[in-house]
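Coordinate inspection notes
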There are 2 protein chains.
Amino acid sequence: MVHEQLISAAVEDYAKAIYELEVRDGRARTSALADRISVTPASASQMVKRLAELGLVSYSRYRGARLTEKGRRLALEVIRHHRLLELFLVEEFGMSWDQVHAEAEALEHVLSEQVEERIAARLGEPVVDPHGDPIPTVTLEIEECATRGLESLEPGERGVFTRVSDSEPAMLRFLAERGIAPGDRLEVVDKQPFDGPVFVRFSGAVEVLGGGLARAMRVRLDPER
Amino acid sequence: MVHEQLISAAVEDYAKAIYELEVRDGRARTSALADRISVTPASASQMVKRLAELGLVSYSRYRGARLTEKGRRLALEVIRHHRLLELFLVEEFGMSWDQVHAEAEALEHVLSEQVEERIAARLGEPVVDPHGDPIPTVTLEIEECATRGLESLEPGERGVFTRVSDSEPAMLRFLAERGIAPGDRLEVVDKQPFDGPVFVRFSGAVEVLGGGLARAMRVRLDPER
DNA sequence: TCCATAAGTTAGCTGAAACTAAATAATGTC
DNA sequence: GACATTATTTAGTTTCAGCTAACTTATGGA
Ligand SMILES: [Mn+2]
Ligand SMILES: [Mn+2]
Ligand SMILES: [Mn+2]
Ligand SMILES: [Mn+2]
């Protein structure tokens, strides 16, 4: 009857998802969470209660959850694992950036601190993953720099394509085929209404990007002059 | 209602353990299995029944289990993962041979065929792991060559130290400290009764090895002349 | 052959984490 | 401010994989 206090893979995935929703929306609401984890809202609701019992989140019924400091540390630990693994698979094994997310999703829960350390050392303590997402440091510092969804830019606005959702292989393949990658400078030249395509210039060539794709791409705007 | 036929990590561990017991004893009896997996005999008994439902073992009550062809393939798949991972961690990350078993025990269930392939390629399709255990090929061939426990050799017998149980870090550290490794030639020079120590010559030096250690070490005997 | 002991099985229970269906709270519109 | 709609929670089940306690079978001496 040892009340094992084991943190399961499921709990880790919830912590990670809550972290990401909190960055985006300031809190994690039940259905957004359910959506992200691919589970019914009922299940997510139950699990949030469990995370609260474990001291990982605070929440009040009907108004979403927020990570505690302990929960935040857990989330960042898992995110560090995930992003290091993605980068490792790309750099060392030459896997493509649309495959590595799924691999990392499973390996992240099973990576020891020992092996994490070796991977980080081998990669030279990297700070961003293949999708442009920042990798938390060993001490779990992270800077989430402010970005805007590409779909929200107006014609004339410029910036750097910084990161892209790692969970849609098809989108990633589409971008790779056109040679578009995080770090690229861009300028929006035109945009059609009703979630229509965006016309974007990347070092010369203008690309037409559909609404869904544009929403998955984050841009760091050039500072106003 | 797709009858998902998901093979869990627990089921994989049972298949692997049954395989190893079958090699040693010809079949896997409930308590040996329970012992190896560190569960109660009641639990092992239940799980053997489940494996049977999954078509992985055949068994008759009270007389142990044997893998079906399907079960054997599953076991060898997991063993391939395990041993490739151990070797990878030793070769690429410089981890010591007493640490890698625990790491591999968890990673083995989560390694995709893709990544398995890359690891095997990187290591040059290796055939033995750091403990001298054979690695099944991609097509799951394995040759389990006949060995004897070092404790069973009589003074005067010679052979090659071939493999050692990977699950006892302390023993592995002990051997490493003395520079004893799989592949070493040896000759038993003396042996004390009652599970007592064995005196073994390795390239010059004679080592005194306790009964427990000797039992964990497997030797391929020189052919009789 | 009988029986004590060891080995194995069954029954019943637990906790995780999912589900469906039903109930309840929050919200936005008129 | 009432109420329809949407979001969230609760209640009740399910499956997996473990446990203990009680029971059953196998086995090896005497
Ligand atoms: Mn995951
Ligand atoms: Mn990523
Ligand atoms: Mn395992
Ligand atoms: Mn091994």
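1. Considering the overall build of chain A
On a plain count of helices and strands, chain A comes out with 8 helices and 8 strands. Computed over the C-alpha atoms, the radius of gyration of chain A is 19 Å, within 12% of the 17 Å expected from 2.2 N^0.38 for a compact globule of 225 residues. Dimensions of chain A along its principal axes, counting C-alpha atoms only, are 65 × 45 × 35 Å. A burial count over chain A gives 43% of its 225 residues as buried. A sequence separation of at least 24 residues applies to 62% of the contacts in chain A between residues at least 6 apart. Carbon and sulfur atoms form 52% of the exposed surface of chain A, whose accessible area is close to 11700 Å². Of the charged side chains in chain A, 29 are positive and 39 negative; the average position of the first set lies 6 Å away from that of the second.

2. Looking at the coordination of the manganese ion (ligand 2)
Ideal donor angles around a metal are set by the shape: a four-donor tetrahedron calls for 109.5 degrees, a six-donor octahedron for 90 or 180 degrees. Residues and elements named next belong to chain A. Bound to the manganese ion (ligand 2) are the protein donor atoms Glu86 (OE), Asp129 (OD), His131 (ND1) and Asp166 (OD), situated 2.1 to 2.8 Å from the metal. Sequence positions of the residues that donate to the manganese ion (ligand 2) give the spacing E-x42-D-x1-H-x34-D. In this pair, Glu86 is assigned in helix α4 (residues 69-93) and His131 in the loop between α6 (113-122) and β3 (148-149), connecting sequence segments 45 residues apart. Using a relative accessible area of 0% as the deciding quantity, one classes Glu86 as buried. What makes His131 buried here is its relative accessible area of 0%.

3. Considering the coordination of the manganese ion (ligand 1)
Binding of the manganese ion (ligand 1) to the protein goes through Asp13(A) (OD), Glu105(A) (O), Glu105(A) (OE), Glu108(A) (OE) and His109(A) (NE2), at separations of 2.2 to 2.6 Å. Here the donor residues for the manganese ion (ligand 1) map to a single chain with the spacing D-x91-E-x2-E-H.

4. Quick word on the relation of the copies chain A and chain B
Once turned by 180° and shifted 0.0 Å along the axis, chain A lies on chain B with an RMSD of 0.0 Å. The operation mapping one copy onto its partner corresponds to a two-fold rotation axis. Residues of chain A ranked by C-alpha distance from the rotation axis are headed by Leu107(A), positioned 3.5 Å from it. Interface overlap between copies: 100% of the residues of chain A at the interface are likewise at the interface in chain B, consistent with a symmetric, same-surface contact.

5. Let's talk about the protein's contact with DNA strand C
Lining the immediate surroundings of DNA strand C are 21 residues, of which Ser8(A), Ser43(A), Arg50(A), Thr30(B) and Ser31(B) lie closest. When the atoms of DNA strand C within 4 Å of the protein are sorted by group, sugar and phosphate make up 83%. Side-chain polar atom of Tyr14(A) to a phosphate oxygen of DNA strand C: 3.4 Å apart, as the coordinates give it. Here the surface near DNA strand C gets 5 residues from one element, more than from any other, and that element is helix α3 (residues 41-53) of chain B. Considered class by class, the residues forming the surface near DNA strand C number 10 nonpolar, 7 polar and 4 charged.

6. Some words on the protein's contact with DNA strand D
If you check the shell around DNA strand D, you find 20 residues, and the closest are Thr30(A), Ser31(A), Ser8(B), Ser43(B) and Arg50(B). Between DNA strand D and the protein, one listed contact pairs a phosphate oxygen with a side-chain N or O atom of Tyr14(B) at 3.3 Å. With respect to DNA strand D, the side chain of Ser43(B) contributes an N or O atom lying 2.6 Å from a phosphate oxygen. Counting only elements with at least two residues in the surface near DNA strand D, the list comes to α2 (30-37) and α3 (41-53) of chain A together with α1 (9-25) and α3 of chain B. With 5 residues, α3(A) is the largest single contributor of residues to the surface near DNA strand D. Tallied by class, residues from the surface near DNA strand D come to 9 nonpolar, 7 polar and 4 charged.

7. Focus on the domain arrangement of chain A
Residues and elements named next belong to chain A. When the domains of chain A are assigned, the result is domain 1 (1-143) and domain 2 (148-221). Computed from C-alpha coordinates alone, the two centres of domain 1 and domain 2 are separated by 26 Å. Counting residues at the interface gives 11 residues for domain 1, matched by 12 residues for domain 2. Between domain 1 and domain 2, a total of about 920 Å² is buried, with carbon and sulfur atoms accounting for 55% of that surface. Contact with domain 2 buries surface across domain 1, with Trp97, Asp98 and His131 losing the most and accounting together for 61% of the total. Our enumeration of links across domain 1 and domain 2 arrives at 2 salt bridges. When the shortest N-O distance is used, the salt bridge between Arg163 and Asp133 registers 2.7 Å. Counting the contacts that link domain 1 with domain 2 gives 6 residue pairs in polar contact (both at pLDDT 80 or more). The leading source of residues in the side of domain 1 that touches domain 2 is α4, at 3 residues. A breakdown of the residues in the side of domain 1 that touches domain 2 according to their chemical character gives 3 nonpolar, 4 polar and 4 charged.

8. Things to note about the pairing of strand β7 (residues 206-209) of chain A
Residue and element names in this part refer to chain A. Residue alternation in β7 divides its side chains into a buried set, Glu207 and Leu209, and an unburied set, Val206 and Val208. Pairing between strand β6 (residues 198-202) and β7: 4 bridges, direction antiparallel. Bridged to Phe199 within β7 is Val208. The hairpin formed by β6 and β7 contains 3 residues between the paired strands, and Gly204 there has a positive phi angle of roughly 105°.

9. What to know about the sheet that holds β3(A)
Read from one edge to the other, the open sheet built from 6 strands follows the order β3-β8-β4-β5-β6-β7 (chain A), with strand pairing classed as antiparallel. The sheet is open, and its two edges are formed by β3 and β7 of chain A, each paired on a single side.

10. Some details on the packing of α1(B) against α3(B)
Residues and elements named next belong to chain B. At a closest axis distance of 11 Å, the pairing of α1 and α3 adopts a crossing angle of 95°. As far as their axial angle goes, α3 and α1 are roughly perpendicular. Between α1 and α3, the residues in contact are Ala10, Val11, Tyr14, Ala15 and Ile18 and Ser43, Ala44, Met47, Arg50 and Leu51, respectively. For the contact of α1 with α3, the per-class residue count stands at 8 nonpolar, 1 polar and 1 charged.

Parameters at a glance
Residues numbered from 1 in each chain as written. Chains lettered and ligands numbered in written order. Predicted model: local features only at pLDDT ≥ 70, side-chain atom pairs only at ≥ 80, totals over all residues. Heavy atoms only, no water. Helix = DSSP H or I, 4+ residues; strand = E, 2+ residues; numbered from the N terminus. Rg over C-alpha atoms; globule rule 2.2 N^0.38 Å. Buried < 20%, exposed > 50% of the residue type's maximum accessible area, 1.4 Å probe, protein only. Contact = heavy atoms within 4.5 Å. Areas by Shrake-Rupley, 256 points an atom, 1.4 Å probe, with all protein chains shown as cover. Lys, Arg positive; Asp, Glu negative; His and termini not counted. Charge placed at Lys NZ, Arg CZ, Asp CG, Glu CD. Donors = N, O, S within 2.8 Å, 3.2 Å for Na, K, Ca; no water. Least-squares fit on C-alpha atoms with pLDDT ≥ 70 in both. Near = heavy atom within 4 Å. Polar contact = N/O pair within 3.5 Å; in protein donor to acceptor, adjacent residues only side chain to side chain. Nonpolar A, V, L, I, M, F, W, Y, C, P; charged D, E, K, R; others polar. Domains from an automatic or database assignment. Buried area = accessible area lost by both parts, 1.4 Å probe. Salt bridge = Lys/Arg side-chain N within 4 Å of Asp/Glu carboxyl O. Pairing = 2+ DSSP bridges. Axes fitted to C-alpha atoms, helices over the stretch in contact; angles between N-to-C directions. Parallel < 35°, antiparallel > 145°, perpendicular 65-115°, else oblique.

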